[in-house]
Amino acid sequence: MSAPALTEAQVAGLDDRALIRLEKSIAEAFMGGVPWGSVTWALVNTAVWLSLWPLTLSGVLPLWAAFPIATVSIALSYLPSHEAQHRIIARAGDRLFWLNELVGHVSTLSLVLPYDVARLTHYEHHKHANHPDLDPDISTHAAGTLDFFRRSLANRQPSGESDKAYGETLQRLGTPEAQRAMIVAAVYRLTYFSILFALAWSGHALEAALIWWLPRHLAATYIQYYLSFAPHHPAKLQGRYRDTRAFRSPLGNILTMGMQFHIIHHLYPRIPLMRTPAAYWAMRPVLTARGCDLGGL
Amino acid sequence: MQRILMGVFRIMPLLFGLGFLAPLLTQIIARAGWTPPAGLSPLILGLAVGGAWGGFATLRGRWL
């Protein structure tokens, strides 16, 4: 995958139509093909998390070792599903569409996030990013990092905002698909709590707490920070070139799960995650000409 | 059906306190080898704390 290298000087004099043509031609160079890395990531990661149960319950793996593995695994569970949500692996009608849907459904099992809930609410996030009433992820935005952690904790209380926002979004959509997604969400949640309760009362409360319950909370915080808060901060502006920013993190690309380049994803959601850094560097002069917030990256 | 589900989710913090926190506390106490005060068994203490905390969260809408 490559696109012609551009300089800011070459882009500076272009009018709006020329800029969008150029932007699209760059983006197209990074789209297409099956992102096998994300498919492998989804299946291996899910298998790792599932394997922690027999390994821990049989005493092969100590719980203190399973806990960090579970936390990392659940933190890694969202992004392959995100690729599937955008039908990047395969589109409806394609030969491998089943694989797209399999990845979407399987990868977020540990996160207890049903694929259709994630997909439908995520489309609304793209459509209304940073809108105070219509963006289902707006509750993750905060004045700064400390405020993010405070709000993240508040959102998880029984009267918190995050789950409510997803439910309200599905209700607002009101389509048969959205109504089905709400039922599936209720089934997922009831199943999750039933499994936790059954494990706890059968003498495996610590395993349930340290392989699923606590890792899921820690992973959700990490995911919300890097996938929602950081790339949209300060979440005040709306519009194609204003609602998402690039940013430079001391943790680098891998530990921020590629989110430094999330602006590319909002402009062209069908560019696979692993190609967004290259797409960013190719498109950077266009983004500069558009006045995007590139956060020093 | 929807009404039943909404009712269950409304009291979910209490169910979580009794269904998860109570046995979790019981097992933590047992693993730590700690003896609860006033002759309480670890299970009774776990149920008391888990139930009270879950009840508080159900009524107040927050755990903390």
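This structure is a prediction, so every number in the text was calculated from the model and none was measured.

What counts as what
Residues numbered from 1 in each chain as written. Chains lettered and ligands numbered in written order. Predicted model: local features only at pLDDT ≥ 70, side-chain atom pairs only at ≥ 80, totals over all residues. Heavy atoms only, no water. Contact = heavy atoms within 4.5 Å. Buried area = accessible area lost by both parts, 1.4 Å probe. Salt bridge = Lys/Arg side-chain N within 4 Å of Asp/Glu carboxyl O. Polar contact = N/O pair within 3.5 Å; in protein donor to acceptor, adjacent residues only side chain to side chain. Helix = DSSP H or I, 4+ residues; strand = E, 2+ residues; numbered from the N terminus. Domains from an automatic or database assignment. Expected span 1.5 Å × (residues − 1). Bend = angle between axes of the 7 residues up to and from the residue. Buried < 20%, exposed > 50% of the residue type's maximum accessible area, 1.4 Å probe, protein only. 1 Å grid on protein atoms, 1.4 Å probe; cavity = no way out; pocket = protein on both sides within 12 Å on 5 of 7 lines; lining within 4 Å. Points joined across faces, edges and corners; volume = space filled by probe spheres on them. Nonpolar A, V, L, I, M, F, W, Y, C, P; charged D, E, K, R; others polar. Axes fitted to C-alpha atoms, helices over the stretch in contact; angles between N-to-C directions. Parallel < 35°, antiparallel > 145°, perpendicular 65-115°, else oblique. Left-handed = near helix turned anticlockwise from the far one by under 90°. Core = buried A, V, L, I, M, F, W, Y, C linked by side-chain atoms within 4.5 Å.

**So, the interface of chain B and chain A**
Argument step 1. Chain B puts 23 residues into the contact, and the matching count from chain A is 19 residues.
Argument step 2. In total, about 1,800 Å² of surface goes out of reach between chain B and chain A, with carbon and sulfur atoms giving 79% of it.
Argument step 3. At the junction of chain B and chain A, the tally comes to zero salt bridges.
Argument step 4. For the pair chain B and chain A, the interface holds six residue pairs in polar contact (both at pLDDT 80 or more).
Argument step 5. Ranked by the residues each element gives to the side of chain B that touches chain A, the list is headed by helix α2 (residues 12–32) of chain B, at 13 residues.

**What about the domain arrangement of chain A?**
All names here are of chain A.
Argument step 1. Examined at the domain level, chain A breaks down into domain 1 (1–30 + 255–297) and domain 2 (35–238).
Argument step 2. Inter-centroid distance (C-alpha atoms) of domain 1 to domain 2 is 28 Å.
Argument step 3. In this assembly, 13 residues from domain 1 lie in contact with 23 residues from domain 2.
Argument step 4. Surface buried jointly by domain 1 and domain 2 totals about 1,600 Å² across both partners, of which 68% is contributed by carbon and sulfur atoms.
Argument step 5. Considering only the surface of domain 1 that becomes buried against domain 2, M257, H266 and R270 emerge as the three largest contributors, covering 39% of it.

**Regarding helix α13 (residues 276–289) of chain A**
All names here are of chain A.
Argument step 1. The terminal C-alpha atoms of α13, which comprises 14 residues, lie 19 Å apart, in line with the 20 Å expected from a rise of 1.5 Å per residue.
Argument step 2. The axis of α13 is deflected most strongly, by about 55°, at M283, and proline P285 appears within four residues downstream.
Argument step 3. All of the buried residues along α13 are T276, P277, A279, Y280, A282, M283, P285, V286 and L287.
Argument step 4. In this fold, the buried residues of α13 make contact with α1 (8–12), α2 (16–28), α11 (252–255) and α12 (262–267).

**Description of empty space enclosed by the protein**
Residues and elements named next belong to chain A.
Argument step 1. Summed over the entire model, instances satisfying the criterion amount to two cavities of 30 Å³ or more.
Argument step 2. For the largest cavity, the calculated volume is near 70 Å³.
Argument step 3. The wall of the largest cavity is formed by H82, E83, I88, G258, M259, F261, H262, H265, P269, I271, L273 and T276.
Argument step 4. For the lining of the largest cavity, the secondary structure elements donating two or more residues are α5 (78–85) and α12.
Argument step 5. Partitioned by chemical class, the residues of the lining of the largest cavity number six nonpolar, five polar and one charged.
Argument step 6. Counting residues domain by domain, the lining of the largest cavity receives three or more from each of domain 1 (1–30 + 255–297) and domain 2 (35–238).
Argument step 7. The wall of the second largest cavity is formed by N45, T46, W49, S73, S77, V106, S107, L109 and S110.
Argument step 8. Sort the elements by how many residues they give to the lining of the second largest cavity and helix α3 (residues 36–57) lands first, with three residues.
Argument step 9. Class assignment of the residues belonging to the lining of the second largest cavity gives a composition of three nonpolar, six polar and no charged.

**Looking at the pattern of salt bridges**
Residues and elements named next belong to chain A.
Argument step 1. Under the counting rule described, the total for this entry stands at nine salt bridges over all chains.
Argument step 2. Taking the shortest distance from any N to any O, the salt bridge between R240 and E23 comes out at 2.6 Å. Of the two residues, R240 sits in the loop between α10 (176–232) and α11 while E23 sits in helix α2, which places them 217 residues apart along the sequence.
Argument step 3. Across the pair E124 and R172 runs a salt bridge whose closest N-O atoms are separated by 3.3 Å. One end of the pair, E124, is in helix α7 (residues 115–127); the other, R172, is in helix α9 (residues 162–173), with 48 residues separating them in the sequence.
Argument step 4. On the basis of relative accessible area, R172 is assigned to the partly exposed category, the value being 40%.

**Brief notes about the packing of α10(A) against α2(B)**
Argument step 1. Contact geometry of α10(A) with α2(B) gives a least axis separation of 9 Å together with a crossing angle of 20°. In terms of orientation, α10(A) lies roughly parallel with respect to α2(B). As α10(A) runs across α2(B), the sense of the crossing is right-handed.
Argument step 2. Its residues assigned to classes, the contact of α10(A) with α2(B) shows 20 nonpolar, four polar and one charged.

**Regarding the nonpolar core**
Soluble globular proteins: nonpolar side chains tend toward being buried together.
Argument step 1. Membership of the largest hydrophobic core comes to 50 residues, with the highest contact counts inside it found for L196(A) and F20(B).
Argument step 2. Looking at this core, the elements with two or more residues in it are α3, α4 (63–75), α5 and α10 of chain A together with α2 of chain B.
Argument step 3. Counting residues per element, this core draws most heavily on α10(A), at 20 residues.
Argument step 4. Looking at this core, you find at least three residues from each of domain 1 (1–30 + 255–297) and domain 2 (35–238) of chain A.
Argument step 5. Contact partners of L196(A), with chain neighbours within four places excluded, come to A208(A), W212(A), W213(A), F16(B) and F20(B).
Argument step 6. Core analysis: the second largest hydrophobic core is formed by 23 residues, V11(A), L22(A), F261(A) and M283(A) among them.

**Topic: unusual backbone geometry**
Argument step 1. Omega for the bond connecting H233(A) with P234(A) falls within 30 degrees of zero, at 5°, which places this linkage in the cis form.
Argument step 2. Assignment of secondary structure puts P234(A) in the loop between α10 and α11.

**Some words on the side chain of T221(A)**
Argument step 1. The residue T221(A) is located in helix α10 in this model.
Argument step 2. In this structure, T221(A) is in contact with F148(A), F149(A), S152(A) and R156(A), ignoring residues within four places of it in sequence.

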